[in-house]
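Inside the fold
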Amino acid sequence: MLHGRKLTGLTAVLAVLSLAGAGRVAAIGRFSLSVDGDSACRTQDAGFSQSLLSKAREAEARGDVGAALSQYRAAVVADTRLADRTDTRYLGSAFERRLDAWVKDLKAGRLHAGPAALSDASFLFRRIYGGCG
């Protein structure tokens, strides 16, 4: 157990680190955590995200759910407004229903779509229901 000078020293170090973190937040003007190396609320070129959406829909039409989920995830990372229910670019309630079914089927083992599919589906689910940031 820490006590005496060691506890006081640890407390001082933690206080300095807390102040440094608060200073960083104040300096950059925002607080966000990184998700998969990307900013949680980043928006890129709309044309790029539309290209990824087209690829996702093509893969879905072929029955390749793993590739579709990967492309949907990339599209949402590129333009988070796709997962924002209040935005006109939102993927839609039909997509929500398909995503919910995919998650259930992947967890139950009824859908085999590769090792990353459940991770991609879970990411999309969190983005839609958890919002940005």
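Before going into details, it helps to say that this report is about the structure given with it. From a predicted model like this one, the values you see are computed outputs, not experimental measurements.

A word on the side chain of Asp 79
For Asp 79, the location among the structural elements is in the loop between α3 (65–78) and α4 (93–108). Of the residues examined, Asp 79 reaches a relative accessible area of 1% and is grouped as buried. A distance of 2.8 Å separates polar atoms of two side chains, one belonging to Asp 79 and the other to Arg 81.

So, the pattern of salt bridges
The full count for this structure, using the stated rule, is eight salt bridges. As a salt-bridge pair, Asp 100 and Lys 104 come within 3.2 Å of each other at their nearest N and O atoms. Here Asp 100 pairs with Lys 104, and both are found in helix α4, just four residues apart, close to one helical turn. According to the relative accessible area criterion, Asp 100 is partly exposed, its value standing at 30%.

Thoughts on the packing of α4 against helix α5 (residues 117–130)
Working note: a packed helix pair is described by the angle between its axes plus the distance between those axes. Contact geometry for α4 and α5: axes closest at 10 Å, N-to-C directions at 140 degrees. Between α4 and α5, the angle falls in the class oblique. In the packing of α4 onto α5, the handedness of the crossing is left-handed. Mapping the contact onto sequence places Phe 95, Glu 96, Leu 99, Asp 100, Val 103, Leu 106 and Lys 107 in α4 and Ala 117, Leu 118, Ala 121, Leu 124, Phe 125, Ile 128 and Tyr 129 in α5. For the contact of α4 with α5, a count of residues per class yields eleven nonpolar, no polar and three charged.

Thresholds, definitions, all that
Residues numbered from 1 in each chain as written. Predicted model: local features only at pLDDT ≥ 70, side-chain atom pairs only at ≥ 80, totals over all residues. Heavy atoms only, no water. Helix = DSSP H or I, 4+ residues; strand = E, 2+ residues; numbered from the N terminus. Buried < 20%, exposed > 50% of the residue type's maximum accessible area, 1.4 Å probe, protein only. Polar contact = N/O pair within 3.5 Å; in protein donor to acceptor, adjacent residues only side chain to side chain. Salt bridge = Lys/Arg side-chain N within 4 Å of Asp/Glu carboxyl O. Axes fitted to C-alpha atoms, helices over the stretch in contact; angles between N-to-C directions. Parallel < 35°, antiparallel > 145°, perpendicular 65-115°, else oblique. Left-handed = near helix turned anticlockwise from the far one by under 90°. Contact = heavy atoms within 4.5 Å. Nonpolar A, V, L, I, M, F, W, Y, C, P; charged D, E, K, R; others polar.

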